[in-house]
Amino acid sequence: MKYRHLLASLAAALLAGCVTSPTGRSQLMVVSDSQMSQMGLTAFNDMRKQGKFVDAPRERAYATCVSRALIAVLPPPWNTQQWEVQIVGDDTANAFALPGGRIGVNKGMFKLASNQDQLAVVLGHELSHVVARHGAERVSDNMATQAAVAAGTIYAGSRGTNAGYVAAALGLGAEVGILLPFSRTQESEADTLGQRYMAQAGFDPRAAVTLWQKMGAQGGSKPPAFLSTHPSSGNRAQALNQQAQQLLPVYEKARSSGHAPNCHM
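This text gives an overview of the structure that appears in the document. (Residues numbered from 1 in each chain as written. Predicted model: local features only at pLDDT ≥ 70, side-chain atom pairs only at ≥ 80, totals over all residues. Heavy atoms only, no water.)

Comments concerning the state of the cysteines
Inference 1: Considering all chains together, one arrives at 1 disulfide under this definition.
Inference 2: Disulfide pairing is shown between Cys 65 and Cys 263; the S-S distance is 2.0 Å. Here the disulfide of Cys 65 and Cys 263 is left-handed, its torsion about the S-S bond being about -75°. Linking Cys 65 in helix H3 (residues 57-71) with Cys 263 in the segment after helix H9 (233-256), this pair joins segments that are 198 residues apart in sequence. (Disulfide = S-S within 2.5 Å. Helix = DSSP H or I, 4+ residues; strand = E, 2+ residues; numbered from the N terminus.)

Here's what the structure looks like:
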C-alpha cells in the first residue's frame, strides 16, 4: 500500500512542521531559516550576476535610510541582521525583501511612492514577508501539495482510475484551495505587520491607504478577487484605513520618543 505510506509520511511532516506566525496564525514550516537564507542569497546574487542592479546612489541611499529605520524595530534576529539594499533597473513599481538580509527596490517605485512614509509602506510590507517566514511557508505548502498529488495519483492508479486525469484535477484543486488562499492570507498579514512596523519606526501609517489607492488607480488587467494572490485594492484600503487609526497613538509615541526618520532623495 504505497500510497498509505506516502500519506502517513505527509501527515507526520504536517504535524511536525506546525508553527505560529507573528499574528498568531498557524503555519506549516518544513524548511529551516538557514535553508531559506541560502535560497535568498543565491537568488539575490543571481540578479547581481545578471546585471539587474543599477548604479543609483541617490535612490539607494534613500531606500537604505527608510529600510534602516524599519529594521531597527523588527523583532530579533532580523533587527540585528546585516541588510543590503540594491536598486533594480525596472520601471515598474515593485520591491522585495529576501531571507538572508537582502532588499531590492525597482526604480519605478520611486515614481509611485512620493515620500518616505509611502516608501516605508512598501518596504515594511516586504520585510514583513521575511519576518513572518512567508517564503518558507510557501515552499512548505508546495512540498505538501506535491506529496498529496503524488499520493492521490498512486491511489487512483490502484483503483483503476485514469491517473493522469486525477493528478491534473488534484493539482488544480490544490492550487485554488491551498496555495492561492494562503498567499492572500500572507499578503494581508504582511499589510498588518508592515503597517505596525512603520508606525513603530515613526512613519505615518495613514500613508498605507494613500499608497494602495494609488496602486489601485494604475489600472490594467486584474484577475478575479477569488483567484488573486492579493486582496482587492478596495478591501485592502478599507482594512489599512481602520488599522491606521488604531496605530496613530503608536506613531505619535514613536515620534515623541525620538523615532523620527528624515529620509529623502
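And the narrative resumes.
Details of the side chain of His 125
Inference 1: Tracing the backbone through its elements, the reader meets His 125 in helix H5 (residues 116-131).
Inference 2: The exposure class of His 125 is buried, given its relative accessible area of 3%.
Inference 3: At 2.9 Å, the side chain of His 125 and the side chain of Glu 187 are in polar contact.
Inference 4: Polar side-chain contacts of His 125 include one of 2.9 Å to the side chain of Asp 191. (Buried < 20%, exposed > 50% of the residue type's maximum accessible area, 1.4 Å probe, protein only. Polar contact = N/O pair within 3.5 Å; in protein donor to acceptor, adjacent residues only side chain to side chain.)

Looking at the pairing of strand E3 (residues 84-88)
Inference 1: Most of E3 sits out of view: 5 of its 5 residues are buried.
Inference 2: The alternating pattern of E3 places Glu 84, Gln 86 and Val 88 on one face and Val 85 and Ile 87 on the opposite face, and all of these are buried.
Inference 3: Pairing between E3 and strand E5 (residues 102-106): 5 bridges, direction parallel. Looking at E5, one finds that Val 85 is bridged to Ile 103. (Pairing = 2+ DSSP bridges.)

Let's talk about the packing of H5 against helix H8 (residues 207-216)
Inference 1: One way to put it is that H5 packs onto H8 with a least axis distance of 8 Å and a crossing angle of 85°. Between H5 and H8, the angle falls in the class roughly perpendicular. Where H5 abuts H8, its residues Asp 117, Gln 118, Val 121, Val 122 and His 125 lie against Ala 207, Ala 208, Thr 210, Leu 211, Trp 212 and Lys 214.
Inference 2: Looking at the contact of H5 with H8 residue by residue, the class counts come to 6 nonpolar, 3 polar and 2 charged. (Axes fitted to C-alpha atoms, helices over the stretch in contact; angles between N-to-C directions. Parallel < 35°, antiparallel > 145°, perpendicular 65-115°, else oblique. Contact = heavy atoms within 4.5 Å. Nonpolar A, V, L, I, M, F, W, Y, C, P; charged D, E, K, R; others polar.)

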